[in-house]
Amino acid sequence: MRVFAAARPIYLLAACLLAACASSSDVRAPDVRAPVSVIASSPPPVKVGIALGGGAAKGFAHIGVIKMLEANGITPVVVSGTSAGSVVGALYASGMDAFAMQENAFALDESNIRDVSLFSGGVVKGQKLQDYVNQLVGQRPLQKLRKPFAVVATKLETGERTVFVRGNTGQAVRASSSIPGVFEAVAIGKAHYVDGGITSPVPVDAARELGAEFVIAVDISSKAAGSIASTTSMLGNINQSFRIMGQKLGALELQRADIVIRPKVNDIGPADFEQKNRAILEGERAALAALPQIKAKLARLQGQRVAKTRRAADADAVRQAEAERMSRCAKQQGWLDILRRDPDCRGG
């Protein structure tokens, strides 16, 4: 009896352990959890930008390009423009669709934007152009337009490329369009500005700086090889000089575009406003020809983004499951828990 009495605490402890192991209320079934499911949210669509190059009257081709892009479901969300491209870009960024821009183009007369100053060598002042653009955009400054818009000009004092994204829209467009020798330089602050085509003929980089992930560049410039007739007038000489300057410079920047559209407008003169309808049609044709390539590249880029988003979601799911396991196992450190530890905690 004494032996039994002495051993009694041990028996009671064993009985308690057995009872604990047998009790359905205490026994923990292995915590087999369903895999963590993380639904990957779809990434936002690729941010498309359009960079509109300079080319005087050939700039009407930009309207045709935009018209065809939008008709096929490709809507640029950021816009950049140089010279003639800045004029069309301002209208587009203000909220006009391609049809409204075309209507305004048909109504445009050269007298709307040409104001010759007899006191500055007969060059165009550009005030009319500034007023005309501001009227069409509802007197809104650059930062209040519906789409982010960058206007490229060249600082006359230093030759620096300057990008305007704030301030007077018409004034920035006027500066970007001020061809030296044809237009007066535009004073903004303490500096003077001239045509953006000198430093950035097709402003691909400006579109990137606005956040564009996919840039469609529209190049309406002409090659430097022209006829003798193209160099027999002052405007022809200036235009030819710009071709020579911009040819190599523009080629470098165009390499940073995803797609380059080149409407066939080389034979349209810089002041040939009568051919604006043909320029628009050439823009449409060039854009239609480029559409398969544009759609394929956009689809590939969007697919890469979807795959990247899914990989990130899968990695997050694995990290979350591991964090939950470690937290659960950390709570099972008591001597009693060792006997009933989850299978995925044993040896952990």
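Rules of the game
Residues numbered from 1 in each chain as written. Predicted model: local features only at pLDDT ≥ 70, side-chain atom pairs only at ≥ 80, totals over all residues. Heavy atoms only, no water. Helix = DSSP H or I, 4+ residues; strand = E, 2+ residues; numbered from the N terminus. Buried < 20%, exposed > 50% of the residue type's maximum accessible area, 1.4 Å probe, protein only. Contact = heavy atoms within 4.5 Å. Areas by Shrake-Rupley, 256 points an atom, 1.4 Å probe, with all protein chains shown as cover. Polar contact = N/O pair within 3.5 Å; in protein donor to acceptor, adjacent residues only side chain to side chain. Salt bridge = Lys/Arg side-chain N within 4 Å of Asp/Glu carboxyl O. Pairing = 2+ DSSP bridges. Core = buried A, V, L, I, M, F, W, Y, C linked by side-chain atoms within 4.5 Å. pLDDT = per-residue confidence, 0-100. Expected span 1.5 Å × (residues − 1). Bend = angle between axes of the 7 residues up to and from the residue. Phe/Tyr/Trp six-rings, centres within 6.5 Å; stacked < 30°, edge-to-face > 60°.

A. Spatial organisation of the overall build of the protein. Counting its secondary structure elements, the protein contains 10 helices and 8 strands. Buried residues in the protein amount to 43% of all 348 residues. In the protein, the proportion of contacts linking residues at least 24 apart, taken out of those at least 6 apart, comes to 73%. When the accessible surface of the protein is summed, it comes to about 18500 Å², and 58% of that surface belongs to carbon and sulfur atoms.

B. Spotlight on the side chain of Thr-169. When you line up the elements, Thr-169 lands in helix α6 (residues 169–176). Among the polar contacts made by the side chain of Thr-169, one reaches the main-chain carbonyl oxygen of Arg-140 at a distance of 2.7 Å. In this structure, Thr-169 is in contact with Ala-90, Val-133, Asn-134, Val-137, Arg-140, Pro-141, Leu-142 and Leu-145, ignoring residues within four places of it in sequence.

C. Just the pattern of salt bridges, in detail. Taken as a whole, this structure holds 10 salt bridges when the rule is applied. Across the salt bridge formed by Arg-208 and Asp-258, the nearest N and O atoms sit 2.9 Å from each other. Of this pair, Arg-208 sits in helix α7 (residues 204–209) while Asp-258 sits in the loop between α8 (234–254) and β8 (259–261), and the two are 50 residues apart along the sequence. Arg-262 is the salt-bridge partner of Asp-219, the closest N and O atoms lying 3.2 Å from each other.

D. Inspection of the pairing of strand β1 (residues 48–52) at higher detail. Extensive coverage of β1 is indicated by the burial of 5 of its 5 residues. The two faces of β1 match: Val-48, Ile-50 and Leu-52 on one face and Gly-49 and Ala-51 on the other face are all buried. Where β1 and strand β7 (residues 214–218) come together, 5 bridges link them in parallel fashion. Bridge pairing in β7 places Gly-49 opposite Val-215.

E. Structural detail: the environment of Leu-52. Among the structural elements, Leu-52 can be located in strand β1. Here Leu-52 falls in the buried class, since its relative accessible area comes to 0%. Sequence separation between Leu-52 and Gly-85 is 33 residues; the distance between their C-alpha atoms is 4.5 Å. Look past the residues within four positions of Leu-52 in its chain and what remains in contact with it is His-62, Ile-66, Val-79, Ser-80, Gly-81, Thr-82, Gly-85, Val-88, Gly-89, Pro-203 and Val-218.

F. Up close: the nonpolar core. Within the largest apolar cluster, 60 residues are counted, with the highest numbers of intra-cluster contacts made by Met-101, Ile-261 and Ile-294. Examining the composition of this core, we find that 8 residues originate from one element, helix α9 (residues 276–330), more than from any other. Setting aside its immediate chain neighbours within four residues, Met-101 contacts Ile-63, Ile-66, Val-88, Leu-91, Tyr-92 and Met-96.

G. Molecular detail of helix α5 (residues 127–136). Among all positions of α5, only Leu-129, Gln-130, Tyr-132, Val-133, Asn-134 and Leu-136 are buried. Against α3 (84–93), α4 (98–107) and α6 lie the buried residues of α5.

H. Spatial organisation of the confidence of the model for the protein. When the pLDDT values of the protein are averaged, the result is 81; 73% of them are 70 or greater. Overall, residues 1–7 carries pLDDT values under 50, and its contacts beyond four positions in sequence, including any with other chains, amount to 1 contact. Note on residues 9–38: pLDDT under 50 across the span, and 24 contacts to partners over four residues away in sequence or across chains.

I. Structural context of α9. Counted at 1.5 Å a residue, the expected span for α9 with its 55 residues is 81 Å, and the 76 Å between its end C-alpha atoms agrees. The largest bend in α9 amounts to roughly 45 degrees and is located at Leu-291, with the proline Pro-292 lying one to four residues further along.

J. Looking closely at the pairing of β7. Counting buried positions over the 5 residues of β7 gives 5, a clear majority of the element. Here β7 shows a buried face lined by Phe-214, Ile-216 and Val-218 and a second buried face lined by Val-215 and Ala-217. Sheet topology note: the β7/β8 ladder contains 3 bridges and is parallel. Counterpart to Ala-217 in the pairing with β8 is Val-260.

K. The arrangement of the environment of Leu-298 in detail. Note that Leu-298 resides in helix α9. With a relative accessible area of 16%, Leu-298 lands in the buried category. Sequence-wise, Leu-298 and Asp-258 are 40 residues apart; in three dimensions their C-alpha atoms are separated by 9.5 Å. Leu-298 has contacts with Val-46, Val-48, Ile-74 and Phe-214, leaving out every residue within four places of it along the chain.

L. Structural view of the packing of aromatic side chains. According to the stated counting rule, one finds 2 aromatic pairs in the structure shown. Consider the rings of Phe-60 and Phe-273, whose centres lie 5.9 Å apart with planes at 80 degrees: the pair is edge-to-face. Pair noted here: Phe-60 is in the loop between β1 and α2 (61–71) and Phe-273 is in the loop between β8 and α9, with a separation of 213 residues, a long-range link. Considered together, Phe-60 and Phe-273 belong to a single accessibility category, that of buried residues. Measuring from centroid to centroid gives 5.2 Å for Phe-164 and Tyr-193, while their planes differ by 75 degrees, and the two rings are edge-to-face. Residue Phe-164 is found in strand β4 (residues 161–164), and its partner Tyr-193 is found in strand β6 (residues 191–195); the two are separated by 29 residues along the sequence. Phe-164 gets classed as buried once you look at its relative accessible area, which sits at 13%.

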